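# A structural walkthrough
One letter stands for each residue in the lines below.
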Amino acid sequence: MQGFKLLKTIGKLLLLFIITILLVVLSFYLLAPSYQFEEPKPFSGPILYNPYQNIDSLNLYKYNFQVQSKAWGGITDGRLNSNELIDSIYKGLSFDHVATSDYQKINRFKEESQAYIPTYEHGYGIRKTHQVCIGASRVLWLDYPFYQSLRHKQHIINELQADCELIALAHPVLRNGYTYNDMKYLSGYQLMEVLNNIRLSVPHWDAALSNGHRIYMLANDDAHDVSNSNEVGRRFTMIFAKNQNRAEIIRSLDDGMAYGMDFFRIGDEPMLEKFERSKHIPYLVSAKLNLDTLSVVVSKTADSMYFIGQNGKMLHRIVNSELGFYLIKDSDTYVRTEIYFDDGSVMYLNPITRSETQGDLKRQSLASLDVTGTWLRRSGNILLLALLFFIVIRRRSKSKKSMH
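Rules and cut-offs
- Residues numbered from 1 in each chain as written.
- Predicted model: local features only at pLDDT ≥ 70, side-chain atom pairs only at ≥ 80, totals over all residues.
- Heavy atoms only, no water.
- Helix = DSSP H or I, 4+ residues; strand = E, 2+ residues; numbered from the N terminus.
- Contact = heavy atoms within 4.5 Å.
- Areas by Shrake-Rupley, 256 points an atom, 1.4 Å probe, with all protein chains shown as cover.
- Lys, Arg positive; Asp, Glu negative; His and termini not counted.
- Charge placed at Lys NZ, Arg CZ, Asp CG, Glu CD.
- Phe/Tyr/Trp six-rings, centres within 6.5 Å; stacked < 30°, edge-to-face > 60°.
- Buried < 20%, exposed > 50% of the residue type's maximum accessible area, 1.4 Å probe, protein only.
- Lys NZ or Arg CZ within 6 Å of the ring centre and 35° of its normal.
- Disulfide = S-S within 2.5 Å.
- Salt bridge = Lys/Arg side-chain N within 4 Å of Asp/Glu carboxyl O.
- Polar contact = N/O pair within 3.5 Å; in protein donor to acceptor, adjacent residues only side chain to side chain.
- Patch = residues over 30% accessible without salt bridge, like charges linked within 9 Å, V, L, I, M, F, W, Y side chains within 5 Å.

## Brief notes about the overall build of the protein
- When its secondary structure is counted, the protein shows eight helices and 19 strands.
- For the protein, the spread of C-alpha atoms along the three principal axes comes to 90 × 50 × 35 Å.
- Put simply, 68% of the contacts in the protein that link residues at least 6 apart link residues at least 24 apart.
- When the accessible surface of the protein is summed, it comes to about 19800 Å², and 58% of that surface belongs to carbon and sulfur atoms.
- Mean positive and mean negative side-chain charge positions of the protein (46 and 41 charges, respectively) differ by 13 Å.

Below, the structure written as structure tokens:
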């Protein structure tokens, strides 16, 4: 009998906990703000900004900002990965740094290091509308787990700004977490995880760029089992920076002085063989503008170089060369480069973008708070909730009277 009472008590507490969580989430939706969105404007102006103009290929660092470790008692995916194992595997793969991005938790492993960058993956919704928060000071628990419209996604980005130095939209293509329409209007973030393990979100990137959003590339493994060679050392971000201090790395990412690498995966490759192969990855030597001519040089002969512009249109192609040229036309709003190598690896460069004035790197901001719409929506939600509560109470009262 005592055991039955204990189970009943535990069941009640569990039910109370679930109800409390649901009420908190419901409050998120009821109080969500509304926004007015301006129409986006493609890049324009006589000035061409090239993030690679003054890079030094001797100061190039290999980074990954997405890998999950054992967190929250092992309930999240990544439970097989200890911090020490992650560190060991990525050192073997010749990475300069890996920033572990646990779900809703800042991993403090090696935080005494100058290169340490507090990072986490925000979001717990069923549609995987997540963000990689780089340079985070605290975790944001606000989210919309069941459904997210454009205004919900913008609200999350706005809230993350206070405590994250850089915000990257994580794996946009996964479960359609971000739509092409979102890419048109969302603003307030700096990076997009265009390359994520088996997922490519290149069309999402072009959608953002074509609508005038100066968003730069992030490439990550997003590994959940680092002992599996298929999951590690495949997609990563190469960063040009003076050194590995946190501030320098974040500044380089924000200014576009980085590129994404899709290192060809050999299925079930022995880890030691992958370690060795990872030592011989081609790299970007230079990408310079001379007036309106872009010249790109890589360390190894490329099978093809594609210069890509507005709406993802291919503008020009170079074959079998370490050097590629493209004459940027007045009609080109932006130009980015994809470089394919004969082993199947691909290098994705950040775009050359237009602006009206020299040094204008301000990003387009389209969302403004709709104060009237917000309070009308909130008032309506609260009235509806009050009405539902009144109906439930009244029915319970009638039910009790009928029983008597």
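## Considering the packing of aromatic side chains
- Per the stated rule, a full pass over the model turns up eleven aromatic pairs.
- Look at Tyr-90 and Phe-95: their rings are 4.8 Å apart centre to centre, the planes differ by 85°, and that puts the pair in the edge-to-face class.
- Overall, the relative accessible area of 8% leaves Phe-95 in the buried class.
- Geometrically, the ring pair formed by Phe-95 and Phe-236 is edge-to-face, given 5.5 Å between the ring centres and 80° between the ring planes. With Phe-95 in the loop between helix H2 (83-92) and strand S4 (97-98) and Phe-236 in strand S11 (residues 235-240), this pair connects stretches of sequence that are 141 residues apart. In this pair, the class of Phe-95 matches that of Phe-236, namely buried.
- Within the aromatic cluster, the residues linked to one another by ring pairs are Tyr-35, Phe-37 and Tyr-185.
- Positioned over the ring face of Phe-236 is Lys-62, at 4.5 Å from the centre of the ring.

## Quick notes on the state of the cysteines
- Applying the stated rule across the entire model yields zero disulfides.
- Sulfur of Cys-133: no disulfide; nearest cysteine sulfur belongs to Cys-164 and is 3.6 Å away.
- With a relative accessible area of 0%, Cys-133 lands in the buried category.

## Describing the pattern of salt bridges
- The tally for this structure, following the rule as stated, stands at 15 salt bridges.
- For Asp-87, the salt bridge is made with Lys-110, and the minimal N-O distance between the two is 2.9 Å. Here Asp-87, found in helix H2, pairs with Lys-110, found in the loop between S4 and strand S5 (119-122); they are 23 residues apart in sequence, far enough to count as distant.
- Where Arg-363 meets Asp-254, a salt bridge forms, and the shortest distance between an N and an O atom there is 2.8 Å. With Arg-363 in the loop between strand S18 (352-355) and strand S19 (367-369) and Asp-254 in helix H6 (residues 246-254), this pair connects stretches of sequence that are 109 residues apart.
- Several salt bridges share partner residues, and in doing so they unite Asp-87, Lys-91 and Lys-110 into one network.

## Details of the environment of Leu-366
- Looking at the secondary structure, you find Leu-366 in the loop between S18 and S19.
- We classify Leu-366 as buried; its relative accessible area is 3%.
- Each C-alpha atom of the pair Leu-366 and Glu-269 lies 46 Å from the other, and the pair is 97 residues apart in sequence.
- Ignoring any residue separated from it by four or fewer positions in sequence, one finds Leu-366 in contact with Gln-36, Phe-37, Glu-38, Glu-39, Pro-40, Lys-184, Tyr-185, Ser-187 and His-213.

## Digging into the side chain of Asp-332
- Summarising the element assignment, Asp-332 is placed in the loop between strand S15 (313-327) and strand S16 (334-340).
- A polar contact is formed between the side chain of Asp-332 and the backbone nitrogen of Lys-329, at a distance of 2.9 Å.

## Considerations on a nonpolar patch on the surface
- Together, Leu-14, Phe-17, Ile-18, Ile-21, Leu-22, Ile-126, Phe-146 and Tyr-147 make up a nonpolar patch on the protein surface, roughly 830 Å² of accessible area in all.
- On the secondary structure map, Leu-14 appears in helix H1 (residues 2-30).

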